[in-house]
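In case you want the letters, here they are:
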Amino acid sequence: IQLTQSPSLLSASVGDRVTLSCKGSQNINNYLAWYQQKLGEAPKLLIYNTNSLQTGIPSRFSGSGSGTDYTLTISSLQPEDVATYFCYQYNNGFTFGSGTKLEIK
Amino acid sequence: QVKLQQSGAELVKPGASVKLSCKTSGYTFSTSYMSWFKQIPGQSIEWIGMIYAGDGGTGYNQKFKGKATLTVDTSSSTAYMDLSSLTTEDSAVYFCAKPTYGYFDYWGQGVMVTVSS
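Before going into details, it helps to say that this report is about the structure given with it. The residue numbers shown here count from 1 along each chain, following its written sequence. To read the labels, note that chains go from A and ligands from 1, taken in the order they are written. Since the coordinates come from a predicted model, pLDDT governs what is reported: local features require at least 70, and pairs of side-chain atoms require 80 or more to be given and counted, while whole-chain, interface and lining totals use all residues. The side-chain figures draw on all heavy atoms in the structure; neither hydrogens nor water molecules are used.

## Structural notes on the interface of chain A and chain B
The criterion used for residue contact is that any of the two residues' heavy atoms lie within 4.5 Å. Facing the 17 residues of chain A at the interface are 15 residues of chain B. By buried area we mean how much accessible surface two parts lose on assembly, using a 1.4 Å probe and totalling the loss over both. Interface area for chain A against chain B, summed over the two sides, is near 1300 Å², with a carbon-plus-sulfur share of 68%. Of all residues in chain A, the largest losses of buried area upon contact with chain B belong to P43, F94 and F96 of chain A, amounting jointly to 40% of the total for that side. Whenever a carboxyl oxygen of Asp or Glu lies within 4 Å of a side-chain nitrogen of Lys or Arg, that contact is scored as a salt bridge. Scanning the region where chain A abuts chain B turns up zero salt bridges. For this analysis, a polar contact is any N or O atom pair within 3.5 Å, provided that within protein one partner can donate a hydrogen and the other can accept it, and provided that sequence-adjacent residues contribute only side-chain to side-chain pairs. Taken together, chain A and chain B are joined by four residue pairs in polar contact (both at pLDDT 80 or more). Think of it this way: any DSSP run of H or I at least four residues long counts as a helix, any run of E at least two long counts as a strand, and we number them from the N terminus. Residue contributions to the side of chain A that touches chain B peak at three residues, all from strand 4 (residues 32-37) of chain A. Looking at the side of chain A that touches chain B residue by residue, the classes come out as eleven nonpolar, five polar and one charged. The classification used treats Ala, Val, Leu, Ile, Met, Phe, Trp, Tyr, Cys and Pro as nonpolar, Asp, Glu, Lys and Arg as charged, and all other residues, Gly among them, as polar.

Shown next, in the form of structure tokens:
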């Protein structure tokens, strides 16, 4: 399964509501997770099973979607959210999207 | 708490092999799975393969068959990945990660492998 993320680069202001998209080449059956990766660090799990928030992750992060189309939403962007975000599917094999780099305006 | 501690950065010559380690603590290693991933800086993440520590059973991404070999040492709760016949295309950061129902919630810090003469 191929994953296409959009946009590849997103610039937003602190406090903005931000939406990142991930589209699969076939049905993912909600086996979709989101990771945050800061420069020089390992990926950090934010969301699993489409909309389950990982322990310790702030509630401003949320996930939604079904079928082939999934979304990560940050309700109020914070400076510490600057990172690259990857979607990841585990319905058929294990594949990551190409990433969305999130910057602060 | 769960910890995955990877070995240090490697500089290796083309054609050589390298063995990376991932020492774990904080959970029952002998009944768990471990996966390895490759990430070229600035690019996405690729799944290399997975090993079950209970019996050493493995599964690989077709792309990495013949390139990567996964093993474990349950006596030291350590997972290993051998990379063989290295080329410049193998220069990347390699991560170990522990899965939970298909997604990976614990990751090592990553190790940079540089292949250069």
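After presenting the structure, the write-up continues.
## Let's talk about the layout of surface pockets
Counted as a void, the largest pocket has a volume near 530 Å³. Detection works on a 1 Å grid of protein atoms alone, calling trapped sets that fit a 1.4 Å probe cavities and calling open sets with protein on both sides within 12 Å along at least five of seven lines pockets, with lining residues defined by an atom within 4 Å of a point. In this structure, the largest pocket is lined by 24 residues; those nearest its centre are Q37, L39 and T84 of chain A together with Q39 and G42 of chain B. Looking at the lining of the largest pocket, the elements that each hand over two or more residues are strand 9 (83-89) and strand 11 (100-104) of chain A together with strand 9 (92-100) of chain B. Grid points are joined across faces, edges and corners, and a volume is the space filled by probe spheres set on the points. In this structure, the second largest pocket occupies an estimated 240 Å³ of space. Around the second largest pocket, the lining comprises 14 residues; the ones closest to its centre are P43, K44 and L45 of chain A together with D105 and W107 of chain B. Broken down by secondary-structure element, the contributors of at least two residues to the lining of the second largest pocket are strand 5 (44-48) of chain A together with strand 10 (103-107) of chain B. A total of three residues in the lining of the second largest pocket trace back to one element, the largest contributor, which is strand 10 of chain B. Considering only residue class, the lining of the second largest pocket consists of six nonpolar, five polar and three charged.

## Focus: the state of the cysteines
Residue and element names in this part refer to chain B. In this description, the term disulfide denotes a pair of cysteine sulfurs within 2.5 Å. Across all of its chains, the model carries two disulfides over all chains by this definition. The disulfide partner of C22 is C96, and the S-S distance across this bridge is 2.0 Å. Residues C22 and C96 are joined through a disulfide that is right-handed, its torsion about the S-S bond being 75°. On the criterion of sequence distance, the pair formed by C22 in strand 3 (residues 18-25) and C96 in strand 9 is long-range, its members being 74 residues apart. Taken individually, C22 and C96 each receive the classification buried, so the pair is uniform in this respect. For every residue, the accessible area (1.4 Å probe, protein chains only) is compared with the maximum for its type, and the residue is labelled buried under 20%, exposed over 50%, or partly exposed between those bounds.

## A look at the side chain of Q5 of chain A
Residue and element names in this part refer to chain A. Along the chain, the position of Q5 falls in strand 1 (residues 3-6). A distance of 2.9 Å separates the side chain of Q5 from the backbone oxygen of Y85, its partner in a polar contact. At a separation of 3.1 Å, a polar atom in the side chain of Q5 contacts the main-chain amide nitrogen of C87. Excluding residues within four positions of it along the chain, Q5 makes contact with S21, C22, W34, Y85, F86, C87, G97, S98, G99 and T100.

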